[in-house]
Amino acid sequence: MKKLLIAVFALGMIVACKKEAGKPVPSEIDSIAQNKTDSAGIVQTHADKEAVLKQTNDEVLKALKTKDYTTFTSLIHPEKGVRFSMYAFVNLKEDKHFSKADFEKYQPTKTLFTWGAQDGSGDPYKATINDYLGKWVFSKDFTTSQYSLNKFIGGGNSLNNLKEIYPKADFTENYIKGTEKSGEMDWKTVRFVFEEFQGKYYLVAVVNDQWTI
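Everything quoted here is computed from the prediction, not taken from an experiment. (Residues numbered from 1 in each chain as written. Predicted model: local features only at pLDDT ≥ 70, side-chain atom pairs only at ≥ 80, totals over all residues. Heavy atoms only, no water.)

Assigned secondary structure in the protein consists of 6 helices and 8 strands. Across the 213 residues of the protein, 35% fall into the buried class. Of the contacts made within the protein by residues no fewer than 6 positions apart, 55% connect residues no fewer than 24 positions apart. Total accessible area on the protein stands at roughly 13300 Å², and carbon and sulfur atoms take up 56% of it. (Helix = DSSP H or I, 4+ residues; strand = E, 2+ residues; numbered from the N terminus. Buried < 20%, exposed > 50% of the residue type's maximum accessible area, 1.4 Å probe, protein only. Contact = heavy atoms within 4.5 Å. Areas by Shrake-Rupley, 256 points an atom, 1.4 Å probe, with all protein chains shown as cover.)

With that settled, the discussion passes to the packing of aromatic side chains. Using the criterion set out here, one finds 19 aromatic pairs in the structure. Look at Tyr 125 and Trp 136: their rings are 5.1 Å apart centre to centre, the planes differ by 55 degrees, and that puts the pair in the tilted class. Separated by 11 residues along the polypeptide, Tyr 125 in strand 4 (residues 124-127) and Trp 136 in helix 5 (residues 129-137) bring together distant segments of the chain. Assessed through its relative accessible area of 12%, Trp 136 is described here as buried. One aromatic cluster is present, built from ring pairs that chain together Phe 72, Phe 84, Tyr 87, Phe 98, Phe 103, Tyr 106, Phe 113, Trp 115, Tyr 125, Tyr 132 and Trp 136. One Lys or Arg, Lys 54, reaches over the ring of Tyr 147 and ends 5.0 Å from the middle of that ring. Sitting over the face of the ring of Phe 98, Lys 96 holds its NZ or CZ atom 5.4 Å from the ring centroid. (Phe/Tyr/Trp six-rings, centres within 6.5 Å; stacked < 30°, edge-to-face > 60°. Lys NZ or Arg CZ within 6 Å of the ring centre and 35° of its normal.)

Moving on to the side chain of Ser 85. Among the secondary structure elements, Ser 85 is positioned in strand 1 (residues 82-85). Taking relative accessible area as the criterion, Ser 85 reaches 1% and is therefore assigned buried. For Ser 85, the residues in contact, after removing those within four places along its chain, are Val 90, Asn 91, Asp 95, Tyr 132, Val 206, Val 207 and Asn 208.

A word on the sheet that holds strand 1. Ordered in space as 2-1-8-7-6-5, the 6 strands form an open sheet in which the pairing is mixed. Strands with a single pairing partner mark the edges of an open sheet, and in this sheet they are strand 2 (96-98) and strand 5 (146-149). Shown here is a sheet whose adjacent strand axes are inclined to one another by a mean of 15 degrees, direction ignored. Where strand 1 and strand 8 (residues 200-210) come together, 3 bridges link them in parallel fashion. Looking at the pairing, Phe 84 lines up with Val 206 of strand 8. Against the sheet, helix 5 touches strand 1, strand 2, strand 7 (188-197) and strand 8, its axis set at about 60 degrees to strand 8. (Pairing = 2+ DSSP bridges. Axes fitted to C-alpha atoms, helices over the stretch in contact; angles between N-to-C directions.)

In structure tokens form, the structure reads like this:
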């Protein structure tokens, strides 16, 4: 009887061991694989965002080059409108700001607006919307410029406070280097500040920059 009990006990132990061996156990390798998948997803989303911002940046440049201001207007933020800064320093009190509706209303007209003070002379810069866009914002063919996202390329002696004014926004930069003839001081750049609204990126600011006195 004693031998029979020992045999039964031994058999029970063998069965228990087999069940334990077949039990799924969280694997460190599985966890690593899951982390890799999650990371890949984040990278993919980031890459998509960069591509969308580049495409939107190019749409703005194309609209400015071809003077397609209907398309340009469609890219203005529906709720926040758009601000124009003549130089790197964004002045919330003095820079010209339009709601989308006002921009659409005044763009076709000959109404003169004061956009800011010209560097050096301090004289007010007055122009229609079309003249400002064509002669100041797109003073050079920025479709051939050097592009960057959320990184400054051009910079001179003018205070640049874009990141302080728009800390949560994304911005693109389109930079044209200066010429040797002018000691490379005739560089110019235009920056577009974008914010997301209902799944799409819209313009909230257009900031020009160049060498200032």
